Amino acid sequence: MITKGKTFIISGPSGVGKSTVLHALLEGRDNLYFSVSATTRTPRPNEVDGVHYHFIDVHHFQELIGKDEFLEYAEYVGNFYGTPKKYVDDAMESGKDVILDIEIQGAVQVCSKRPETVRIFIAPPSWKELERRLTARGTDTPEKIQERLIRAKVECQTANSYDYFVINDTVEEAVAELNAILCAEHCRPSERISQILNRE
Ligand code: ADP
Ligand code: 5GP
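Keep in mind it's a predicted model, so treat the numbers as computed, not measured.

Visitor: Could you clarify how one ought to interpret the sheet that holds strand β9 (residues 164-167) in this entry?
Guide: Strands in a sheet are paired, the pairing made by backbone hydrogen bonds, and the direction either parallel or antiparallel. The 5 strands are arranged β2-β7-β1-β8-β9 in an open sheet whose pairing can be described as parallel. Both outer strands of the open sheet, β2 (32-34) and β9, are each paired with one neighbouring strand and no more. Direction aside, neighbouring strands of the sheet carry axes that sit 25° apart on average. Pairing of strand β8 (residues 118-123) with β9 involves 4 bridges; the strand directions are parallel. By the bridge assignment, A123 is partnered in β9 with I167. Where helix α4 (residues 104-113) meets the sheet, it contacts β1 (7-11), β7 (97-101) and β8, and its direction lies at approximately 160° from that of β1. Across the sheet, helix α7 (residues 171-185) touches β1, β2, β8 and β9, and the angle it forms with β9 is around 160°.

Put into structure tokens, the structure is as follows:
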């Protein structure tokens, strides 16, 4: 019998390093599925359609909302983002853990539908460093960066409702903490006991 995978939400300010850390985490694990979101945002120069996001227009996005194809969706700094439900469910059914890189409004929606979801917040070591990372990424205008910084502080204040809080000082340490969290979550009695009881 296949044990169903778990869903992990990763939230944190834009530019904190979520993509960087998740890329490194995914490299070391083949039982982990990264949920590719749909967005109405314009692709950044290094972003590939279907890999980083499904880049779609607002009309298509609204069509998908109408067909109830999103597990959750939200508006973030002027663009829409949503998690396609089917891929998440297929991956979980096949026994894979699923990672959702989504902001806090989306996290609230997922947890109200699926309270067993594990929420991890990734924070920057300082606000100065967050501004430096956003600037170094070179993908946002100074105005968008200031907008994202204001949003980041608001988000950090709500992080108390999350299950774990990881500070992305170095990528290596952040990945090590995420691996430890994933490991610990699979040691919960709720999961282990049913596995043992199903054995001969
Ligand atoms: P997010 O996905 O959270 O928006 P990115 O992964 O795009 O953030 O990272 C934003 C920038 O910060 C990138 O230029 C990335 O190389 C850099 N970065 C990420 N993690 C670290 C780290 N631990 N130390 C220094 N720079 C980092
Ligand atoms: P970015 O534009 O920097 O790629 O992402 C902006 C924010 O949108 C990030 O906080 C990211 O976690 C969030 N995000 C990405 N995909 C989704 C999604 O499918 N749903 C929600 N609610 N947020 C998302």
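Visitor: Help me understand the nonpolar core, please; the structure alone is not making it clear to me.
Guide: Within soluble globular proteins, side chains that are nonpolar tend to cluster in buried spots. I10, L25, I99, I120 and L178 are the most contacted members of the largest nonpolar core, which has 22 residues in total. At the level of secondary structure, the elements contributing two or more residues to this core comprise β1, α1 (18-27), β8, α5 (127-137), α6 (142-157) and α7. Per-element tally for this core: the top contributor is α7, with 5 residues. Other than its neighbours up to four places away in sequence, I120 contacts F8, I9, I10, S11, Y162, Y164, V166, L178 and I181. In this structure, V88, A91, A159 and Y162 belong to the second largest nonpolar core, which totals 16 residues.

Cut-offs applied
- Residues numbered from 1 in each chain as written.
- Chains lettered and ligands numbered in written order.
- Predicted model: local features only at pLDDT ≥ 70, side-chain atom pairs only at ≥ 80, totals over all residues.
- Heavy atoms only, no water.
- Pairing = 2+ DSSP bridges.
- Helix = DSSP H or I, 4+ residues; strand = E, 2+ residues; numbered from the N terminus.
- Axes fitted to C-alpha atoms, helices over the stretch in contact; angles between N-to-C directions.
- Contact = heavy atoms within 4.5 Å.
- Core = buried A, V, L, I, M, F, W, Y, C linked by side-chain atoms within 4.5 Å.
- Buried < 20%, exposed > 50% of the residue type's maximum accessible area, 1.4 Å probe, protein only.

Geometric descriptors of this kind do not, in isolation, establish any biological role.
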